[in-house]
Amino acid sequence: MRRILKAAILGATGLVGIEYVRMLSQHPYIKPAYLAGKGSVGKPYGEVVRWQTIGQIPKEVADMEVKPTDPKLMDDVDIVFSPLPQGAAGPIEEQFAKEGFPVISNSPDHRFDPDVPMLIPELNPHTISLIDEQRKKRDWKGFIVTTPLCTAQGAAIPLAPIFMNFKMTGAYITTIQSLSGAGYPGIPSLDVVDNILPLGDKYDAKTIKEITRILSEVKRNVNDPPLEEVALDATTHRIATIHGHYEVSYVTFKEDINIEKIRETLENFRGEPQDLKLPTAPEKPIIVRNEDNRPQVYFDRWAGDPPGMSVVVGRLKQINNRTIRMVSLIHNTIRGAAGGGILTAELLIAKGYIE
């Protein structure tokens, strides 16, 4: 019987923090044991958290005291989950890693450190071997593993099996992203109500940079063309939905392709988490819908088992012999953040990096 591992959740009262609390309260062997915060230290979690997700605050955590973000107070913690904001996360995560903690980070601060994995467990699980290099290079007992930007995951999860199996030459992506991707309190209402808010060139570039790294690390069944010859571009936007990032991709190829083979590849895609039967791994990481009006944000963002862990793909269409269109939908705070972090932890446990 596997022993119960105790988890610390940094930023436990934030939008991603509450999803960690909710999902870990139901987990078979990882449980929330230390809820870290800033302005609410010393107060019961149930009194200070804005529970903006499904269900109720789990009874076992409602009376837990919110505590300081201090590794010296966490002697019995086994795993640290860090959905802290950019800038604040970097030095705090390094402090925890130096103290011997495994840190699963949803922050961008360490995503492009060459010795830090940026992990989507179904796509690039082999990159966890970078942990060995990281520990040696930095003389750390612990380590940091990151998950990608939720927007990048929404595109990369369906793009990767296509890139792995077909001679893809480009992908042109338009995203329509929910408000929760900006955290709480998020975007001022006058910026987004009755509007579509472009996120700008920097966010577009960040999205493509992360997708490029992910694709560079997948294991391909075709080697042509090389990734540096594949044209990738994104235009990103925010709209007034609560959860769910909706992304439209036009994908081009070097040779004629058949849309049904693309559909079959997406439907059959599985990864190491599915082979290992990890608790948070959905049976189908990609669910393909065949109706011409799906996916829809309201109806499909909680797809999968556990809910919200599958990316839904639909509106597959062959534009010409070498171009297809597809739409993907990801639950940004589940698959794109907390759920992806928990799945990453499960893989690290299975591989012996967390004992």
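Preceding block: the structure.
Since the model is a prediction, treat every value here as computed from it, not as a measurement.

J.: Mind laying out the overall build of the protein chain, listing which residues take part and the relevant values?
T.: In terms of regular secondary structure, the protein chain is built from 12 helices and 12 strands. Taken over the C-alpha trace, the protein chain has a radius of gyration of 20 Å; the compact-globule value for 355 residues is 20 Å, and the two agree within 12%. Put simply, the protein chain has 355 residues, and 57% of those count as buried. Contacts spanning at least 24 positions in sequence make up 76% of the contacts within the protein chain whose residues lie at least 6 apart.

J.: Which residues make up the packing of aromatic side chains, and what values do they have?
T.: For the coordinates displayed, the defined rule picks out four aromatic pairs. Between Phe166 and Phe253 the ring centres are 6.3 Å apart and the planes differ by 75°, which places this aromatic pair in the edge-to-face class. Separated by 87 residues along the polypeptide, Phe166 in the loop between helix 6 (150–165) and strand 6 (168–177) and Phe253 in strand 9 (residues 245–253) bring together distant segments of the chain. Across this residue pair, the class does not change: Phe166 and Phe253 are buried. The interplanar angle of 90° and the centroid separation of 5.2 Å between the aromatic rings of Tyr298 and Phe299 together place this pair among those described as edge-to-face. The same class applies to Tyr298 as to Phe299, namely exposed. Lys209 extends its terminal NZ or CZ atom over the ring of Phe112, reaching a point 4.3 Å from the ring centre. The residue whose ring lies beneath Arg220 is Phe163, and the NZ or CZ to ring-centre distance is 3.7 Å.

J.: Break down the pattern of salt bridges for me, citing the residues and quoting the values.
T.: Under the counting rule described, the total for this entry stands at 18 salt bridges. The closest approach of N and O atoms between Lys72 and Glu99, which form a salt bridge, is 3.6 Å. Here Lys72, found in the loop between helix 3 (59–62) and strand 3 (79–82), pairs with Glu99, found in the loop between helix 4 (89–98) and strand 4 (102–105); they are 27 residues apart in sequence, far enough to count as distant. The salt bridge involving Glu291 is made with Arg289; its shortest N-O contact spans 2.5 Å. Here the salt bridges share partners, and the residues they tie into one network are Lys167, Asp224, Lys254 and Glu255.

J.: Can you break down helix 8 (residues 201–217) residue by residue, with the values?
T.: Note that an α-helix has 3.6 residues per turn; residues three or four places apart therefore point the same way. The first and last C-alpha atoms of helix 8 sit 25 Å apart over 17 residues, in line with the 24 Å expected at 1.5 Å per residue. Of the positions making up helix 8, those classed as buried are Tyr203, Asp204, Thr207, Ile208, Glu210, Ile211, Arg213, Ile214, Leu215 and Glu217.

J.: Quick rundown of the pairing of strand 2 (residues 30–35)? Include the residues and the values.
T.: Summarising the sheet, strand 1 (residues 5–9) and strand 2 pair through five bridges and their orientation is parallel. Across the sheet, residue Ile9 finds its bridge partner in strand 2, namely Leu35. In terms of handedness, the path from strand 1 via helix 1 (residues 15–25) over to strand 2 forms a crossover that is right-handed.

J.: Residue-level account of helix 1, with values.
T.: Of all 11 residues making up helix 1, 11 are buried, and the element is well covered by its neighbours. Inspection of helix 1 places Leu15, Val16, Gly17, Ile18, Glu19, Tyr20, Val21, Arg22, Met23, Leu24 and Ser25 among the buried residues, and these make up the whole buried set. On the buried face of helix 1, the contacting elements are strand 1, strand 2, helix 2 (45–48), helix 3, strand 3 and helix 12 (334–350).

About the cut-offs
- Residues numbered from 1 in each chain as written.
- Predicted model: local features only at pLDDT ≥ 70, side-chain atom pairs only at ≥ 80, totals over all residues.
- Heavy atoms only, no water.
- Helix = DSSP H or I, 4+ residues; strand = E, 2+ residues; numbered from the N terminus.
- Rg over C-alpha atoms; globule rule 2.2 N^0.38 Å.
- Buried < 20%, exposed > 50% of the residue type's maximum accessible area, 1.4 Å probe, protein only.
- Contact = heavy atoms within 4.5 Å.
- Phe/Tyr/Trp six-rings, centres within 6.5 Å; stacked < 30°, edge-to-face > 60°.
- Lys NZ or Arg CZ within 6 Å of the ring centre and 35° of its normal.
- Salt bridge = Lys/Arg side-chain N within 4 Å of Asp/Glu carboxyl O.
- Expected span 1.5 Å × (residues − 1).
- Pairing = 2+ DSSP bridges.
- Right-handed = clockwise from strand over helix to strand, strands pointing away.

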